[in-house]
Amino acid sequence: MKEFKVFVKDKPGELARVTEALAEHAVNIRAIASEGGHENSFLRIVTSDVATTEKAFKLAGIKSQASDLLSAELIDRPGELAKIARRLARAGVNVESIYILGSKNGKTEVGMVVSDMDKAKAAIR
């Protein structure tokens, strides 16, 4: 799974342009966040299909940068994310971005872009 950091202008229509490019290629968005209001605005998008997302952005002329996403399934109760965050901190791993990817049957799936994937995987085992 990957996170796409999509570079956009801070103006009306940019969200529509990016999401329409994905919709035209039947790509489902699992998570989305934005960082706007300044010169270097961007969207962070996690999709269901990495290869098709890359193709859709390329064909639409949309500039993006992909990063690997670490997925963790947590028990859906207070403090579970705090435990994972503390383990990552102790391992010296920085969490660069984080998403809730969904909840089902008492579990919550979280996706994170981290500074060191190997250390992060070892820390959350």
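Throughout what follows, the structure given in this document is the object of discussion. (Residues numbered from 1 in each chain as written. Predicted model: local features only at pLDDT ≥ 70, side-chain atom pairs only at ≥ 80, totals over all residues. Heavy atoms only, no water.)

**Description of the overall build of the protein**
The helix and strand inventory of the protein stands at four helices and seven strands. Put simply, the protein runs from its N terminus to its C terminus through helices and strands in the order β-α-β-β-α-β-β-α-β-β-α. Oriented by its inertia axes, the alpha-carbon framework of the protein measures out at about 40 × 35 × 25 Å. Across the protein, contacts joining residues at least 24 apart in sequence account for 67% of those joining residues at least 6 apart. For the protein, the exposed surface amounts to about 7,600 Å²; the carbon and sulfur share of it is 47%. With 20 positive and 17 negative side-chain charges, the protein shows a separation of 5 Å between the mean positions of the two kinds. (Helix = DSSP H or I, 4+ residues; strand = E, 2+ residues; numbered from the N terminus. Contact = heavy atoms within 4.5 Å. Areas by Shrake-Rupley, 256 points an atom, 1.4 Å probe, with all protein chains shown as cover. Lys, Arg positive; Asp, Glu negative; His and termini not counted. Charge placed at Lys NZ, Arg CZ, Asp CG, Glu CD.)

**Examining the sheet that holds strand β6 (residues 95-104)**
Overall, antiparallel pairing links the three strands, which are arranged β5-β7-β6 in an open sheet. Looking at the sheet topology across the chains shown, the edges are occupied by β5 (70-75) and β6. Each neighbouring strand pair of the sheet contributes to a mean axis angle of 25°, computed without reference to strand direction. This element, helix α3 (residues 80-90), spans β5, β6 and β7 (107-114) of the sheet and lies at about 135° to β5. (Pairing = 2+ DSSP bridges. Axes fitted to C-alpha atoms, helices over the stretch in contact; angles between N-to-C directions.)

**Notes on helix α4 (residues 117-124)**
Buried residues of α4: A120, A123 and I124, and no others. Across the axial projection of α4, the buried residues extend over an arc of 85°, all falling on one side. On its buried side, α4 packs onto β5, α3 and β7. Measuring from the backbone nitrogen of D118 back to the side-chain oxygen at the start of α4 gives 3.2 Å, which picks out D116 as the cap. (Buried < 20%, exposed > 50% of the residue type's maximum accessible area, 1.4 Å probe, protein only. Arc of directions from axis to C-beta. Polar contact = N/O pair within 3.5 Å; in protein donor to acceptor, adjacent residues only side chain to side chain.)

Honestly, that's just the spatial picture; any functional story needs more than this.
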